[in-house]
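Residues per chain are reported as follows:
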Amino acid sequence: MRWLLFLCLSVGAFGNLGCGSSSSGPNPVVVMETSMGTVKIVLFQDKAPVTVKNFLAYVDDKFYDGTIFHRVISDFMIQGGGFLPGMKAKPESGTIKNESNNGLRNERGTLAMARTDDPHSASAQFFINVKYNDFLDRDKARDKFGYAVFGKVLDGMDVVDEIRAVKTHRAGPHDDVPVEDVLIKSIRRVEAKEKKD
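Residues numbered from 1 in each chain as written. Predicted model: local features only at pLDDT ≥ 70, side-chain atom pairs only at ≥ 80, totals over all residues. Heavy atoms only, no water.

1. Brief notes about the overall build of the protein
The helix and strand inventory of the protein stands at four helices and twelve strands. Taken across its 197 residues, the protein has 49% of its residues classed as buried. (Helix = DSSP H or I, 4+ residues; strand = E, 2+ residues; numbered from the N terminus. Buried < 20%, exposed > 50% of the residue type's maximum accessible area, 1.4 Å probe, protein only.)

Structure follows, in structure tokens:
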């Protein structure tokens, strides 16, 4: 399908939300500030270590600052991380292996890596599923790979739902582009804070 070219967790599958049992410690949490509100996200480094390491490298480099959600399909997903306003492509680093065999599902609120029709072509672009897109899961995908889930929205699905509802149009060769830019102002790690009783 043509959309694949542009694309670049049951409770048990999610494991501990933010409290992974891997030796590397708790799963990291990031906060994404957008022009429409704040979204808090847990990253499943215990399930998708390569993908999370790659994503956090972009986060730490502040790569996502000033990018946009450039593709919005209201009954599917919102995609961002690769374009600046005006649909100017932002140069991405190398590609990573597809970790879609990690047991996580493309359920509502999950983050997955965007890619081209090459299963191992993901780089910086990601999307947030606005409903359960089971056809993107490895066991149901036509290409037998699917799309690698690596995170989930903890707080801010109301913001995601606002973004999914924006008006879109065709911009040059690109379909489903928001008429008004939906900006990703920043994505930052949230440092774990000890509870004080």
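Having seen the model, we can carry on.
2. Focus on the nonpolar core
A general tendency of soluble globular proteins is for nonpolar side chains to be buried together. By size, the foremost hydrophobic cluster in this structure holds 33 residues, and its most contacted members are Met-32, Phe-55, Tyr-64, Phe-126, Phe-150 and Ile-187. For Met-32, the contacting residues outside a window of four places in its chain are Gly-37, Thr-38, Val-39, Ile-41, Phe-69, Phe-126, Ile-128, Ile-184, Ser-186 and Ile-187. Listed in part, the 13 residues of the second largest apolar core include Val-42, Phe-44, Ile-73 and Phe-127. (Core = buried A, V, L, I, M, F, W, Y, C linked by side-chain atoms within 4.5 Å. Contact = heavy atoms within 4.5 Å.)

3. Concerning the pairing of strand S4 (residues 77-80)
By the alternation rule, side chains of S4 split into Met-77 and Gln-79 and Ile-78 and Gly-80, which are all buried. Across four bridges, strand S3 (residues 67-73) lies against S4 in antiparallel orientation. If you follow Val-72 over to S4, its bridge partner there is Ile-78. By the bridge criterion, four bridges tie S4 to strand S8 (residues 126-129) in an arrangement that is antiparallel. Each bridged residue has a counterpart across the sheet, and for Met-77 the counterpart in S8 is Asn-129. (Pairing = 2+ DSSP bridges.)

4. Quick word on the packing of aromatic side chains
This structure, assessed with the given rule, holds ten aromatic pairs. Here Tyr-58 and Tyr-64 contribute two aromatic rings whose centre-to-centre distance is 5.9 Å and whose plane-to-plane angle is 50°, an arrangement assigned as tilted. In this structure an aromatic cluster arises from ring pairing among Phe-55, Tyr-58, Phe-63, Tyr-64, Phe-69, Phe-126 and Phe-150. Sitting over the face of the ring of Tyr-147, Arg-115 holds its NZ or CZ atom 4.0 Å from the ring centroid. (Phe/Tyr/Trp six-rings, centres within 6.5 Å; stacked < 30°, edge-to-face > 60°. Lys NZ or Arg CZ within 6 Å of the ring centre and 35° of its normal.)

5. A word on the confidence of the model for the protein
Looking at the protein as a whole, the pLDDT averages 88, with 85% of positions reaching at least 70. Contacts from residues 1-23, a stretch scored under 50 in pLDDT, to residues over four places away or in other chains number 69 contacts. In this model, residues 193-197 is a region of pLDDT below 50 whose contacts with residues beyond four sequence positions or in other chains number zero contacts. (pLDDT = per-residue confidence, 0-100.)

6. Re the environment of Arg-188
Mapped onto the fold, Arg-188 is located in strand S12 (residues 183-190). It is 9.8 Å that separates the C-alpha atoms of Arg-188 and Lys-40, two residues lying 148 residues apart in sequence. Contacts of Arg-188, omitting those with residues within four sequence positions, involve Val-29, Val-30, Val-31, Val-59, Lys-62 and Asp-65. Within the structure, the side chain of Arg-188 is placed 2.7 Å from the side chain of Asp-65, a separation counted as a polar contact. (Polar contact = N/O pair within 3.5 Å; in protein donor to acceptor, adjacent residues only side chain to side chain.)

7. Focus: the sheet that holds strand S9 (residues 149-155)
Reading around the barrel, the eight strands line up as S1-S2-S9-S7-S8-S4-S3-S12 and close back on themselves, with antiparallel pairing between neighbours. Each neighbouring strand pair of the sheet contributes to a mean axis angle of 35°, computed without reference to strand direction. The sheet contact formed by strand S7 (residues 110-113) and S9 spans three bridges and is antiparallel. Following the sheet pairing, Leu-111 is matched in S9 by Gly-151. Its contacts with the sheet put helix H3 (residues 49-60) on strand S1 (29-34), strand S2 (37-43), S7, S8, S9 and S12, and the angle it makes with S12 is roughly 115°. Together, S1, S2, S3, S4, S8 and S9 form the strand contacts of helix H4 (residues 157-164), whose direction differs from that of S2 by roughly 115°. (Axes fitted to C-alpha atoms, helices over the stretch in contact; angles between N-to-C directions.)

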